Amino acid sequence: MFVVVGVSGGIAAYKTVTLVRALVTNGHEVHVVPTEDALRFVGTATWEAISRHPVTTSVHDDVAEVRHVALGTRADLVIVAPATANTLAKMSAGIAGDLLGVTLLATTAPVLVAPAMHTAMWEHPATQHNITTLRSRGVQVIGPADGPLTGGDSGPGRMVEPEEIAAAAEALLAPRRDLADRIVAVSTGGTREPLDPVRFLGNRSSGRQGAEVALAAAARGARVRLVAGHVDDGVLAAAAQHPSIEITRVSTAADLHEAMRGASAGADVVVMVAAVADFRPQTVSDQKLRKEDGDGTATLSLVANPDILLDLVAHRVPGQRIVGFAAETAADDAELLERGRRKLARKGTDLLVVNRVDWDRGFESPDNEAVLLTADGPVGRARGTKREVADALWDAVAALPPVDH
Ligand code: CTP
């Protein structure tokens, strides 16, 4: 694998020599990208000898090969060790003033950072804010460890040992393939129930969580049938490019029902992430409803839509796993769990991902927070990006006891 190791200017840089050696020994092609400051601690000759590749800090070397972008785009993993407070701040702001900054902006590979700094700098709200920002973008943070620091102080701020960083790197480079050759059906987005040719009843679902569930499954080797209702712009872009994901677009709950019945036939796992309208207008006017046709008031008669999840559970084939989502408003965790338990019992799914939603929580945001519930109780809690919640879902599916239906 192609691994870029960014090194910023901290004394822990000497330990990164051991990290680079471990990665090279494990058979990876390793390119070291130090910052100018890092070279004050460990020089170019050491990095070149240990990585067996030329080392540069400048974006102006090898311009003909567009090296400044090539490293980032070719990388399967980018590690920054040590990551100083300054480098973390630049990463969080997206500053690309040197080769490391450009590489970090150009890459779509996983990024692993191992912070190292004095405790006071680590605990400063600015650094903590930057770490939170980086985590929300999917950056993996390892450490810092607690212990003696350079200068005689002690506390959190030590870079974790190179062996531990190498192990975390290997885990990121060898994604789980536990869904290899499995067929997975996922629904996402919101449904729209027409009132007349120009109006509908809808909801605020962005479709992002379901898209991430599909992408995470595909990354683990599954063939994915993704049934998407209405989603925000760009949400399906990555899934549409993925060779193992087939997308079917739908609009109403009835369309979604039909599509999911088809998609779940022969599927090993079915995940209903879509926000389905529970009701639809009793009649759909084929003319636009006009104010002047009324008396200043309006009444809407609604009829219930079928519960798609209940129907899929009722028709499940032996061995099939079914996962539901529950978006709940709740005053606290206890109420959230109780609502989740009741919904799981009612729906009969193997797993229910219970989300807390609010006016400003859950919908439309890149982050999510969820409890993973089975009939035996909570089996996990996920907090982070929607991709992290998706991976936690697949971990929980993999850990389900053998099927008895
Ligand atoms: N769901 C479904 N068909 C519906 C409504 C919901 O398949 N008509 C699915 C959703 O995709 C989700 C789960 O059921 O996986 C729970 O959805 P949620 O809206 O939380 O629950 P409801 O069953 O609608 O119950 P309520 O709104 O009363 O909480």
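Rules and cut-offs
Residues numbered from 1 in each chain as written. Predicted model: local features only at pLDDT ≥ 70, side-chain atom pairs only at ≥ 80, totals over all residues. Heavy atoms only, no water. Helix = DSSP H or I, 4+ residues; strand = E, 2+ residues; numbered from the N terminus. Buried < 20%, exposed > 50% of the residue type's maximum accessible area, 1.4 Å probe, protein only. Contact = heavy atoms within 4.5 Å. Expected span 1.5 Å × (residues − 1). Arc of directions from axis to C-beta. Axes fitted to C-alpha atoms, helices over the stretch in contact; angles between N-to-C directions. Parallel < 35°, antiparallel > 145°, perpendicular 65-115°, else oblique. Left-handed = near helix turned anticlockwise from the far one by under 90°. Nonpolar A, V, L, I, M, F, W, Y, C, P; charged D, E, K, R; others polar. Near = heavy atom within 4 Å. Polar contact = N/O pair within 3.5 Å; in protein donor to acceptor, adjacent residues only side chain to side chain. Areas by Shrake-Rupley, 256 points an atom, 1.4 Å probe, with all protein chains shown as cover. 1 Å grid on protein atoms, 1.4 Å probe; cavity = no way out; pocket = protein on both sides within 12 Å on 5 of 7 lines; lining within 4 Å. Sits in = over half its atoms within 2 Å of the grid points.

(A) How the structure looks around the environment of L134. Looking at where L134 falls in the secondary structure, it is placed in helix α7 (residues 125-136). For L134, a relative accessible area of 1% corresponds to the buried category. Along the primary structure L134 and V323 are separated by 189 residues, whereas in three dimensions their C-alpha atoms are 30 Å apart. Sequence-distant contacts of L134, defined by excluding residues within four places in its chain, comprise L88, M91, S92 and V139.

(B) Just helix α8 (residues 162-173), in detail. With twelve residues, α8 ought to run about 16 Å at 1.5 Å a step, and its terminal C-alpha atoms sit 16 Å apart, in line with that. What α8 keeps buried is the set P162, I165, A166, A169 and L173. For α8, the angular spread of the buried residues around the axis is 100°, confining them to a single face. Away from its buried face, by an angle of more than 90 degrees, α8 presents the exposed residues E163 and A171. Packed against the buried residues of α8 are β1 (2-7), α1 (13-25), β3 (77-83) and β4 (111-115).

(C) Representation of helix α13 (residues 333-347). Along its 15 residues, α13 runs 21 Å from first to last C-alpha, staying within 8% of the 21 Å computed at 1.5 Å per residue. Burial in α13 covers these residues: L336, L337, G340, K343, L344 and K347. What you see down the axis of α13 is that its buried residues fit within an arc of 130°, all on one side. Opposite its buried face, α13 presents the exposed residues A334, R342, A345 and R346, each directed more than 90 degrees away. Backbone geometry just downstream of α13 places G348 in the positive-phi region, at approximately 75°.

(D) Structural view of the packing of α1 against helix α2 (residues 44-51). Across the interface, α1 lies against α2 with an axial gap of 9 Å and an inter-helix angle of 20°. With respect to α2, the axis of α1 lies roughly parallel. As for the relative orientation of α1 and α2, their crossing is right-handed in sense. Two secondary-structure elements touch here, α1 through A13, T16, V17, V20, R21 and V24 and α2 through T46, W47, I50 and S51. Among the residues forming the contact of α1 with α2, the class breakdown is six nonpolar, three polar and one charged.

(E) Region of interest: the site of the ligand. Around the ligand, the surrounding shell holds 15 residues, and the nearest of these are M272, A274, L309, K343 and K347. Within the contact set of the ligand, a nitrogen atom lies 3.0 Å away from a backbone nitrogen or oxygen of P306. Within the complex, 78% of the 560 Å² of free accessible area of the ligand lies under protein. With respect to the detected pockets, the ligand is housed in the second largest pocket. If you list the elements that add at least two residues to the shell around the ligand, you get α12 (308-314), β16 (321-328) and α13. Among the elements that take part in the shell around the ligand, β16 stands out by supplying four residues, more than any other. Grouping the amino acids of the shell around the ligand by side-chain chemistry returns nine nonpolar, one polar and five charged.

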